[in-house]
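A look at the structure
Residue-level listing of the chains:
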Amino acid sequence: MGIKVDSRDLVDIVKCPVVTEKATRLMELNQYTFDVDPRATKPMIKAAIEQLFEVKVTGMNTLNLPRKKKRVGKFQGFKPRYKRAIVSLEDGEPIRKVLFPDL
């Protein structure tokens, strides 16, 4: 019943995992944080995570973070936009081994 995402588009939806202090604390609660494409919807992100890591997603929160200004000399612009997704997994289904093979 989930949305099927073309496997070629998975790389475009999920950009990278986020490894910050808060994100590592959330890993203990079986929640993982990813930077994703700003145009991706929750069903698309869920389908991409389930297909990439072969896990069952139980919940998800997304954040559209504000654009940040960037200045180079007298020129002013903005950093690229990004969206962050915090994905909750079922108990006993860690993806830590895929993201961090040394652990």
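Residues numbered from 1 in each chain as written. Predicted model: local features only at pLDDT ≥ 70, side-chain atom pairs only at ≥ 80, totals over all residues. Heavy atoms only, no water.

The protein chain appears in an unreviewed UniProt entry as Large ribosomal subunit protein uL23 from Okeania hirsuta. For the record of the protein chain, the UniProt heading Function (unreviewed entry) holds the text "One of the early assembly proteins it binds 23S rRNA. One of the proteins that surrounds the polypeptide exit tunnel on the outside of the ribosome. Forms the main docking site for trigger factor binding to the ribosome." Here is the UniProt Sequence similarities (unreviewed entry) comment for the protein chain, exactly as written: "Belongs to the universal ribosomal protein uL23 family." (UniProt positions renumbered as here; feature names shortened; annotations may be inferred.)

1. Re the side chain of Asn30
Looking at the secondary structure, you find Asn30 in the loop between helix H2 (21–27) and strand E2 (31–36). At a separation of 2.6 Å, a polar atom in the side chain of Asn30 contacts the main-chain carbonyl oxygen of Glu90. Discounting chain neighbours no more than four positions away, the residues touching Asn30 are Val87, Ser88, Leu89, Glu90, Asp91, Gly92, Glu93 and Pro94. (Helix = DSSP H or I, 4+ residues; strand = E, 2+ residues; numbered from the N terminus. Polar contact = N/O pair within 3.5 Å; in protein donor to acceptor, adjacent residues only side chain to side chain. Contact = heavy atoms within 4.5 Å.)

2. Side note on the pattern of salt bridges
For the structure shown, the criterion picks out two salt bridges. Where Arg84 meets Asp35, a salt bridge forms, and the shortest distance between an N and an O atom there is 3.1 Å. Of the two residues, Arg84 sits in strand E6 (residues 83–89) while Asp35 sits in strand E2, which places them 49 residues apart along the sequence. Here Arg39 and Asp37 are joined by a salt bridge, their closest N and O atoms 3.1 Å apart. The buried category is assigned to Asp37, whose relative accessible area is 13%. (Salt bridge = Lys/Arg side-chain N within 4 Å of Asp/Glu carboxyl O. Buried < 20%, exposed > 50% of the residue type's maximum accessible area, 1.4 Å probe, protein only.)

3. Points about the nonpolar core
Among the nonpolar cores identified, the biggest contains 19 residues, and Phe34, Ile45, Ile49, Val87, Leu89 and Ile95 are the most heavily contacted of them. Listed by contribution, the elements that provide at least two residues to this core are helix H1 (10–13), E2, helix H3 (42–53), strand E3 (57–64) and E6. The element contributing the most residues to this core is H3, with four residues. When neighbours within four sequence positions are excluded, Ile49 is seen to be in contact with Val14, Phe34, Glu54, Val55, Val57 and Val87. (Core = buried A, V, L, I, M, F, W, Y, C linked by side-chain atoms within 4.5 Å.)

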